Structures are given as C-alpha cells and as structure tokens.
Amino acid sequence: MPPAQIPGATLLQRGGTVLAETVAAGTTARTRYQIASVSKQFTAAAVLLLAQRGALALDDPIGHRLGGCPRAWRGITRHHLLSNSSGLGHWDEYPLIDLHRRVEPDELLASFHEVPPLFAPGARFHYSSPGFVLLAHVVAEAAGMAYQQALAEMIFTPLGMADTFAGEPGDRADLAVGRDARGEPAPPYELDVVAMGAGDLWSTTGDLLRWVDALGSGQLLDERHRRLMHTAHTPTGGGPDAAGYGYGLFTGTVGGTPWFHHDGGNAGFRSFLAWVPERDVRIVVLSDSEATGAADLGPLLATALA
C-alpha cells in the first residue's frame, strides 16, 4: 500500500527535508489520532525525567510509591517494568480486564495483583502494557499531580506539542474516528484509567516529529538518561529490526543501520514511530483503521533508506 493509501496521516523526513507526507481526505495536519503503544515511550521519558530530577530511582522496587505490592512481585523494579523484563503479563494474561470499560484505579491494580508473574524479574522479555500502567501511577505519585497533567507540564508544553494530550478526549476537536477492518466505527478503549501510560495518548505527525527530535537532540533528557532510554536492556528474541527493548522503545537495525521504533494498536487505530539516527530519518504513521498493517510501511521504509 503506497503511503497515500494509508488511511490517516504519514510523515517521512530526512534532516530538514520532507520526503513524503500525506493527510487523508476530510482531515488536516492537526487531526489527532490515538497513538496506542507509541505512548509507552512518553511514560518512560516521564519516569526518566523524574529520576533525572532526583524524585525517584530506577532500581527502587515497584511497591515503593504504589502502596505496596504482592509478595510475588518482590524483586521487580522500575527498570524491569521499563524494559519489559518484569515477568508481568500483557492483556491476554488478564482476561477479567475489559479494555473498553472504566474501572476505579484501585480495582484495576487489584486485578493486576491477582495474576502471578510469568518468570523471575530480569529473566527474559515479555511485552507488558500493565507494567506501563503501573509506571504511570508512579509518575503521578512522584510528580504530585495526575498523570495526564504531569505529561502536559513535563513534556508536551516544554516541547511545543500543542496538539498532543493524554486520556479521554472530552469535547476536544480535531479527533480522528477509529474504525475496524470493515470500516465500521470501533468501540474505543478506556484511556483515563485502563490504558493510562500504556496507550492513552492522542497526537499528530507534526507533534511526534518534534518529540523524536527532542529525544535525539538531548533537549528533554540529559545524556545519561537519554542513553538509558535508547539502550537495548532486554533481548526480545525477535528479528534484527527489533532485537532488543530499551525503555519504551524497540532497538535494532534496518538496512544494516541502527534504529529505534515502536508500533501501536488500539481499537480503531494503528501507529508507528521510528528514528534512524545515522541517516537523520524520522518516520511517523498514524492510521484510523485496523486494516493498516506492518506491510503497509514498506514503501515508507524503502523511501527512507534509498
């Protein structure tokens, strides 16, 4: 599928040159899309910012600032959550949680407590959205404000990401409507509690380009914490393009060149964000259709690496 046929918005830029940009009919460059699991790198950056400021430590146990935790979670640290090596499961391991239904935060945390870890912390990689929900609670407690407000004050406003926000949209304008693979409106995920920190952000291609550039330039994080975010802490066992996981980012190589990236999938939405530093290439894909798949990225990658 050529970039122009991806339903939504795409942006491919090398240095200061736009190589490809598309905006779907009936939308504008400021239409906001759910970015799904691309949200995880924002949670990771918020944790690192608080660590940089001395408000928390990455090697603290996760029960610290969460009011305690089950005995089976002892030994799990924030580092393990950030690097998807905690042993906590993904949504499939929590069948009682309905991603579409709001629950109280305490009820959600109690549901997490009921499922024992799959393995000892640090033993291996296992992708876990619940782990990033827990990190969002840590951010809120350490920052002394709601998670959504913390992201706005720590990241969105300083970086000029005026079209980006976390959580339920309320009466905000310029929102894409997510659709399933048949083109029908998809019942949305609950974003304020259930997906908080794991898949709750709305954004645009322009704002996400600002984000990638800020991470790469050190505008947001100092060199130590920026390196922590981009280091492959956990081997994923996948192919070379996603061989390791940093903090909220996959690491690997594409065309023999190192890159950092993450994809995302919420009900009705698909997303992809990548940075190829040696070529100064940034790729942003925001789709409002579940029919969009990995194969649709091929033309953009080919153009980026040409």
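Conventions adopted
Residues numbered from 1 in each chain as written. Predicted model: local features only at pLDDT ≥ 70, side-chain atom pairs only at ≥ 80, totals over all residues. Heavy atoms only, no water. Axes fitted to C-alpha atoms, helices over the stretch in contact; angles between N-to-C directions. Helix = DSSP H or I, 4+ residues; strand = E, 2+ residues; numbered from the N terminus. Parallel < 35°, antiparallel > 145°, perpendicular 65-115°, else oblique. Left-handed = near helix turned anticlockwise from the far one by under 90°. Contact = heavy atoms within 4.5 Å. Nonpolar A, V, L, I, M, F, W, Y, C, P; charged D, E, K, R; others polar. Pairing = 2+ DSSP bridges. Buried < 20%, exposed > 50% of the residue type's maximum accessible area, 1.4 Å probe, protein only. Phe/Tyr/Trp six-rings, centres within 6.5 Å; stacked < 30°, edge-to-face > 60°. Lys NZ or Arg CZ within 6 Å of the ring centre and 35° of its normal.

(A) Representation of the packing of helix 1 (residues 40–52) against helix 6 (residues 205–217) in the model. Look at helix 1 against helix 6: their axes get within 13 Å of each other, and the N-to-C directions meet at 40°. Between helix 1 and helix 6, the crossing angle belongs to the class labelled oblique. For the crossing formed where helix 1 meets helix 6, the hand is left-handed. Along the contact surface, helix 1 presents Gln41, Phe42 and Ala45, while helix 6 presents Leu208, Trp211 and Leu215. Here the contact of helix 1 with helix 6 is built from residues that sort into 5 nonpolar, 1 polar and no charged.

(B) Region of the structure containing the sheet that holds strand 7 (residues 244–245). Ordered by their spatial adjacency, 8 strands build an open sheet running 2-1-11-10-9-8-7-6, and the pairing between neighbours is antiparallel. For this open sheet the edge positions go to strand 2 (17–23) and strand 6 (234–235), each flanked by a neighbour on one side alone. Here 7 bridges tie strand 10 (residues 269–276) to strand 11 (residues 281–287), and the two strands are oriented antiparallel to one another. Bridging across to strand 11, Phe272 finds its partner in Val285. Strands strand 1 (8–14), strand 2, strand 8 (250–254), strand 9 (257–266) and strand 11 of the sheet are contacted by helix 8 (residues 298–305), whose axis makes an angle of about 15° with strand 1.

(C) Molecular detail of the environment of Ile97. With respect to the element layout, Ile97 can be found in the loop between helix 2 (78–82) and helix 3 (105–113). Taking the C-alpha atoms as reference, Ile97 lies 7.7 Å from Leu108; in sequence the two are 11 residues apart. Beyond its immediate sequence surroundings of up to four residues, Ile97 is in contact with Trp91, Leu108, Ser111, Phe112 and Val194.

(D) Representation of the side chain of Gln41 in the model. You can see Gln41 is positioned in helix 1. Gln41 gets classed as buried once you look at its relative accessible area, which sits at 3%. Residues within four places of Gln41 in sequence aside, it is in contact with Trp211, Leu215, Met229, Gly248, Leu249, His262 and Leu273.

(E) Broad picture of the packing of aromatic side chains. Counting across every chain of the model gives 13 aromatic pairs. Each ring, one from Phe125 and one from Tyr245, has its centre 5.7 Å from the other, and the planes form 45°; the classification is tilted. Placement of the pair is Phe125 in the loop between helix 3 and helix 4 (129–143) and Tyr245 in strand 7, with a sequence separation of 120 residues. Ring geometry for Tyr127 against Tyr245: centres 6.5 Å apart, planes inclined by 85°, an arrangement best described as edge-to-face. Highlighted residues: Tyr127 in the loop between helix 3 and helix 4 and Tyr245 in strand 7, separated in sequence by 118 residues. Here the two residues Tyr127 and Tyr245 agree in accessibility, since each one is buried. Connected via pairs of aromatic rings, a cluster forms that spans Phe125, Tyr127, Tyr245 and Phe250. Over the ring of Phe132 we find Lys40; its NZ or CZ atom is 5.9 Å from the centre of that ring. Note that Arg172 overlies the ring of Phe165, its terminal NZ or CZ placed 3.8 Å from the centroid.

(F) Examining the sheet that holds strand 4 (residues 165–166) more closely. Here we have 3 strands laid out as an open sheet, ordered 3-5-4, and antiparallel in their pairing. Edge positions in the sheet fall to strand 3 (33–34) and strand 4, since each of these pairs with one other strand and no more. Pairing of strand 4 with strand 5 (residues 201–203), which is carried by 2 bridges, proceeds in the antiparallel orientation. Bridge pairing in strand 5 links Ala166 to Leu201.

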